[in-house]
Amino acid sequence: MSHTLGIRQAQKQKTRQALLDAALALLEEQSLSSLGLREVTRAVGVAPTAFYRHFRSIPDLGVALVEEALGSLHPMIRTTVTSADNSEERIARAIELIAGHVDAYPSHVRFIARERHGGVQPVRDAIRDQLARFAEEVRDELAKDPQSTGWSDDDLLMLAHLYVDQMLITASLFLEGTDGDREQVAQVASRQMRLISIGRRHWRD
């Protein structure tokens, strides 16, 4: 019996992932608010009623896509601000990690960039909550840095939000640019992050 249940569970998970993958592919050409349930199930080859075994609605599927796109990024985000020998090394590492993620998961990055201010409230809320978690985790890492001595928790969180927002901007620029633009995008991103670092050093002046 347990073996049969295991097979069923694996098949259920496979269908769920197929629905997520199909939706993500369809969202290359449209926003989530215009995506139809039947479009997704047709792409997977299952009946529309099968959709409800996995998701309550298209917005519910969108929230799952947010978790898939951002949920695994928490270690990477923290890594971009952990202590390094100097701020230049930290900035270079951050840009390299962002570029690598965009190359590996362009559809996820495009989905987040489009839906962050899109028309589906639960998805906007899910993205906002994930970004708030990123900021809190970055704040906790920044607090370990001797350079943060004397900083209030609110100011550290404000700085963390600046870093997280800049990472999103950089990811979007890498996504939109051509291969020939990559060096320029990296240079601009480096200068922008350097400006944040300079402001950080002089904030308490």
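Please refer to the structure placed before this passage.
Throughout what follows, the structure given in this document is the object of discussion.

Parameters at a glance
- Here the residue index of a chain counts from 1 through its sequence in written order.
- Confidence filtering applies because this is a predicted model: local features only for residues at pLDDT of at least 70, side-chain atom pairs given and counted only at 80 or more, and all residues used for totals across whole chains, interfaces and linings.
- The side-chain values count all of the structure's non-hydrogen atoms but skip hydrogen atoms and water molecules.
- Grid points spaced at 1 Å over the protein atoms alone were grouped into cavities, where a 1.4 Å probe fits but cannot get out, and pockets, open sets with protein on both sides within 12 Å along at least five of seven lines, with lining residues defined by an atom within 4 Å of a point.
- Grid points are joined across faces, edges and corners, and a volume is the space filled by probe spheres set on the points.
- The helix and strand labels rest on DSSP assignments: H or I over at least four residues marks a helix, E over at least two residues marks a strand, and numbering proceeds from the N terminus.
- Gly counts as polar in this scheme, as do all residues outside two lists: the nonpolar Ala, Val, Leu, Ile, Met, Phe, Trp, Tyr, Cys and Pro, and the charged Asp, Glu, Lys and Arg.
- A pairing counts as a salt bridge when a side-chain nitrogen of Lys or Arg comes within 4 Å of a carboxyl oxygen of Asp or Glu.
- Nonpolar cores are built from buried Ala, Val, Leu, Ile, Met, Phe, Trp, Tyr and Cys residues. Side-chain atoms within 4.5 Å join them into one set.
- Relative accessibility decides the category of a residue: with a 1.4 Å probe and only protein chains considered, values under 20% of the type maximum give buried, values over 50% give exposed, and everything between is partly exposed.
- The contact criterion used is simple: two residues touch if any of their non-hydrogen atoms lie within 4.5 Å.
- To estimate how far a helix should reach, multiply one less than its number of residues by 1.5 Å.
- Throughout, the arc means that of the directions going from the helix axis to the C-beta atoms.
- Whenever a helix is involved, its axis is fitted only over the stretch in contact; in every case the axis is a line through C-alpha atoms, and angles between N-to-C directions fall within 0 to 180 degrees.
- Roughly parallel means an angle under 35 degrees; roughly antiparallel means over 145; roughly perpendicular covers 65 to 115; every other angle is labelled oblique.

On inspection of all chains with the given rule, the structure shows one cavity of 30 Å³ or more. Around the largest cavity, the lining residues are Thr80, Val81, Arg90, Ile91, Ala94, Tyr163, Met167, Met193 and Ser197. If you list the elements that add at least two residues to the lining of the largest cavity, you get helix H6 (87-104), helix H9 (153-176) and helix H10 (182-202). Broken down by element, the residue count for the lining of the largest cavity peaks at three residues, all from H6. The residue inventory of the lining of the largest cavity, partitioned by class, reads six nonpolar, two polar and one charged.

Before going further, it helps to spend a moment on the pattern of salt bridges. Opposite charge on two side chains permits them to pair, given that their charged atoms come into close proximity. Within the structure shown, the criterion is met by 13 salt bridges. Shared partners join several salt bridges into a network, and the residues in it are Arg90, Asp145 and Arg200.

A word on the nonpolar core. Ranked by size, the top nonpolar core spans 55 residues in total, and within it Leu65, Val66, Leu70, Phe111 and Leu142 carry the most contacts. Among the elements that take part in this core, H9 stands out by supplying nine residues, more than any other. For Phe111, the residues in contact, after removing those within four places along its chain, are Leu24, Leu27, Gly62, Leu65, Val66 and Val123.

This next bit is on helix H4 (residues 58-70). For H4, with 13 residues, the first-to-last C-alpha span of 18 Å sits near the 18 Å given by 1.5 Å per residue. Looking at H4, one finds that the buried residues are Ile58, Asp60, Leu61, Gly62, Ala64, Leu65, Val66, Ala69 and Leu70.

Take H6 next. An ideal rise of 1.5 Å per residue puts 26 Å on 18 residues; H6 measures up with 26 Å between its terminal C-alpha atoms. Taken together, the buried positions of H6 are occupied by Arg90, Ile91, Ala94, Ile95, Ile98, Ala99, His101 and Val102. Along H6, the residues classed as buried sweep out an arc of 160° about the axis, all on the same side. The inward-facing, buried residues of H6 contact H4, helix H5 (74-79), helix H7 (106-115), H9 and H10.

Along the chain, the position of Thr49 falls in helix H3 (residues 48-51). The exposure class assigned to Thr49 is exposed, which follows from its relative accessible area of 56%. Along the sequence, Thr49 and Arg139 sit 90 residues apart, while their C-alpha atoms lie 44 Å from each other.

With that out of the way, let us pick up the packing of H9 against H10. Relative to each other, H9 and H10 sit at 175°, their axes nearing to 10 Å. Of the possible angle classes, the one that applies to H9 and H10 is roughly antiparallel. Between H9 and H10, the residues in contact are Leu159, Leu162, Tyr163, Gln166, Met167, Thr170, Leu173 and Phe174 and Arg182, Val185, Ala186, Ala189, Gln192, Met193, Ile196, Ser197 and Arg200, respectively. Class assignment of the residues belonging to the contact of H9 with H10 gives a composition of 11 nonpolar, four polar and two charged.

Spatial relationships are all this shows, so hold off on functional conclusions.
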